[in-house]
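For reference, the chains in residue letters:
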Amino acid sequence: MTAHTALKHNLNTELWNNFSPSNRMEMARGIVAFLEAHNRLGEDIVKMLNLGSGVGITSSCLEKAHPFFHITDIDQIPYRNEVMHKRYLQNDISSLPFRDGSYDAVFSSYTFSYLGNDEQVMREWLRVLRPGGSAYFVFHAPHSAYLKTAREMISANMGKDFLKLIKHYPGDDYRGLYHWFCEKNFAWGMAFKEEQKFLSYAHEIQVCEHLVQVVAGTMFQSDQEIADFFKAQGAEDISVNILGLDFVARSCENMTESQMIAWFVAFRKGLK
Ligand SMILES: C[S@@+](CC[C@H](N)C(=O)[O-])C[C@H]1O[C@@H](n2cnc3c(N)ncnc32)[C@H](O)[C@@H]1O
């Protein structure tokens, strides 16, 4: 089957089934470096739940970056042997099939705003965290470079053009497409060249559309809003930071919104 035929057969009916995010190793290294620098990591095994994990790339990267993490993934997408992380459960993440306090840590990246930043969902996520356990969250931010790129892709009508253009590049040589990506957006061109993942790019474009048109309206607007949200949930030791384009996590004072990719939040669940 040529890549083009495969695209026609597989293209998005289920938005997330082929989601294959790039840059997750850099993100994992950035998060672990920050946690180490702030003495938030020890040398005990940390039983962690990754909520809205996708196919598990992020968990594999986190386990590489910090071998004491022992992560279970949970997401709604169907299990696929060839791509999933080894511990995976298909389930709705707004209602978890675990007892109170079952995990030492919870993690989630780029997922909470898809559930509308819902307080009840967060209460459910923190229910399965043991008292004193750690929570690490990466949240989309409305003015981040990531969202800017997504908006550019939508306004350049990349989804439509991509599907048209792809017909001219069947087979395994996508050089033409790579140049086209570079013209539209250099960062996306580089990522495309690196991965050459044809189907995943078509999906990422659709994900961008969903992100801009639906999800952007529910994101946290500021670090203060995030701090207040978690204080009200009984969190302690809250640290709200910015994950930059270089994937270094810094305090919010040291970076502008245009240099940011996302919010990165770390806190402990209160003991009561
Ligand atoms: C943008 S992706 C992020 C994936 C992964 N965390 C990452 O950083 O690469 C959002 C994920 O949330 C999952 N998701 C959204 N709502 C969900 C729900 N109600 N139950 C389970 N998974 C959900 C989607 O299936 C998708 O995999």
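For the structure itself, look to the data block above.
Residues numbered from 1 in each chain as written. Predicted model: local features only at pLDDT ≥ 70, side-chain atom pairs only at ≥ 80, totals over all residues.

Visitor: Please clarify how the site of the ligand should be interpreted in this entry.
Guide: Among the 18 residues in the neighbourhood of the ligand, the closest are listed as G52, G54, Q76, I93 and S109. Of the residues contributing to the shell around the ligand, the split by class is eight nonpolar, eight polar and two charged. (Near = placed C-beta within 6 Å. Nonpolar A, V, L, I, M, F, W, Y, C, P; charged D, E, K, R; others polar.)

Visitor: What am I meant to see in the nonpolar core here?
Guide: Within soluble globular proteins, side chains that are nonpolar tend to cluster in buried spots. Of all hydrophobic cores here, the largest spans 61 residues; its most connected members are V106, F139, L243, A262, W263 and V265. Take this core: its biggest share by element is eight residues, from strand 8 (residues 260-269). Split by domain, the residues of this core number at least three in each of domain 1 (3-13 + 145-215) and domain 2 (19-141 + 217-269). In this structure, W263 is in contact with F139, A141, F220, D223, I226, V240 and I242, ignoring residues within four places of it in sequence. (Core = buried A, V, L, I, M, F, W, Y, C linked by C-beta atoms within 7 Å. Buried ≥ 20, exposed ≤ 12 C-beta atoms within 10 Å, placed from the backbone. Helix = DSSP H or I, 4+ residues; strand = E, 2+ residues; numbered from the N terminus. Domains from an automatic or database assignment. Contact = placed C-beta atoms within 7 Å.)

Visitor: Mind showing me how you'd approach the environment of E26 here?
Guide: Locating E26 in the fold gives a position in helix 2 (residues 24-37). Overall, the presence of 16 C-beta atoms within 10 Å leaves E26 in the partly exposed class. In this structure the C-alpha to C-alpha distance between E26 and A65, which are 39 residues apart in sequence, comes to 9.4 Å.

Visitor: Which parts of the structure should I look at to understand the pairing of strand 5 (residues 129-140)?
Guide: Side-chain positions along a regular strand alternate between the two faces of the sheet. Two strands pair when backbone bridges link them, and strand 4 (residues 103-109) and strand 5 are joined in this way by six bridges, in the parallel orientation. Directly across from V106, in strand 5, lies its bridge partner A135. For the crossover from strand 4 across helix 4 (residues 119-127) to strand 5, the handedness is right-handed. In this sheet, strand 8 lies alongside strand 5 in antiparallel orientation, the contact comprising seven bridges. Note that in strand 8 the partner of F137 across the bridge is V265. (Pairing = 2+ DSSP bridges. Right-handed = clockwise from strand over helix to strand, strands pointing away.)

Spatial relationships are all this shows, so hold off on functional conclusions.
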